[in-house]
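# Overview (structure and organization)
So you can see what is in the structure, the chains are spelled out below.
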Amino acid sequence: MSDLDSPVVVTATIRVKPESADAVELALTNTVKRVQREPGNLRYDVHRMTGKLGVFVIIETWSNAQSLKSHGEGDVLRELLEQISNDMISPLEILQMSPVG
């Protein structure tokens with residue numbers, strides 16, 4: 001299996017103003033089901049970082065690099081980022097990983 005056909009695991013960390021945390025959490029929660037219906041999505045879970053108000057980590061798994069690319073260029077992500085961009089205190093941090101073994 002080539003890297004292009006392998007599953008891709010992503011963590012996305014979003015840091016927002018503490019006073020915006022509840023509103024951002026609602027926006028993220030409202031987005032989950034839409035992303036989970038995107039082609040190639042295998043996992044999309046939103047977590048609030050323990051002890052760090054305003055820090056969210058999204059754990060994602062995509063069936064391949066193309067499905068991740070389509071998600072990154074899609075309307076759902078664009079709309080979410082437009083909705084929360086004024087609340088973010090740093091750029092979105094994306095880590096992309098491939099399974100080992």
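What this report covers is the structure whose coordinates are included nearby. (Residues numbered from 1 in each chain as written. Predicted model: local features only at pLDDT ≥ 70, side-chain atom pairs only at ≥ 80, totals over all residues. Heavy atoms only, no water.)

### Brief notes about the packing of helix 1 (residues 21-36) against helix 3 (residues 75-84)
As a reminder of what qualifies: Whenever a helix is involved, its axis is fitted only over the stretch in contact; in every case the axis is a line through C-alpha atoms, and angles between N-to-C directions fall within 0 to 180 degrees. Secondary structure elements are defined from DSSP: runs of H or I of at least 4 residues count as helices, runs of E of at least 2 residues count as strands, and each element is numbered from the N terminus. Under this scheme an angle from 65 to 115 degrees is roughly perpendicular, one under 35 degrees roughly parallel, and one over 145 degrees roughly antiparallel; angles in between are oblique. Only heavy atoms enter the contact rule, under which two residues are in contact if any of them lie within 4.5 Å. Under the grouping applied here, Gly and all other residues not named as nonpolar or charged are polar, the nonpolar ones being Ala, Val, Leu, Ile, Met, Phe, Trp, Tyr, Cys and Pro and the charged ones Asp, Glu, Lys and Arg.
Running from N to C, helix 1 and helix 3 cross one another at 175°; their axes reach a closest spacing of 10 Å. Judged by the inter-axis angle, helix 1 sits roughly antiparallel to helix 3. Here helix 1 contributes V24, A27, L28, T31, R34 and V35 to the contact with helix 3, which in turn contributes V76, E79, L80, Q83 and I84. Looking at the contact of helix 1 with helix 3 residue by residue, the classes come out as seven nonpolar, two polar and two charged.

### Describing helix 3
Cut-off, in case you're wondering: Partly exposed describes any residue whose relative accessible area lies between the buried limit of under 20% and the exposed limit of over 50%, with all areas from a 1.4 Å probe on protein chains only and scaled to the type maximum. Here, the arc refers to the directions that run from the helix axis to the C-beta atoms.
Within helix 3, burial applies to V76, L77, L80 and I84. Across the axial projection of helix 3, the buried residues extend over an arc of 95°, all falling on one side. In the core, the buried residues of helix 3 are packed alongside strand 1 (8-15), helix 1, strand 2 (41-48) and helix 2 (65-72).

### Some words on the pattern of salt bridges
We count it as follows: What makes a salt bridge here is a side-chain nitrogen of Lys or Arg within 4 Å of a carboxyl oxygen of Asp or Glu, nothing more.
A complete count under the given rule lists nine salt bridges for this structure. Across the pair R15 and E93 runs a salt bridge, and its minimum N-O distance is 3.3 Å. Here R15, found in strand 1, pairs with E93, found in strand 4 (residues 93-97); they are 78 residues apart in sequence, far enough to count as distant. A relative accessible area of 35% places E93 in the partly exposed class. Note that R48 and D22 form a salt bridge whose closest N and O atoms lie 3.1 Å from each other. Of this pair, R48 sits in strand 2 while D22 is found in helix 1, placing the two residues 26 residues apart along the sequence. Relative accessible area serves as the criterion here: at 35%, R48 is assigned to the partly exposed category. Where salt bridges share partners, they join R34, D75, R78, E79 and E82 into one cluster.

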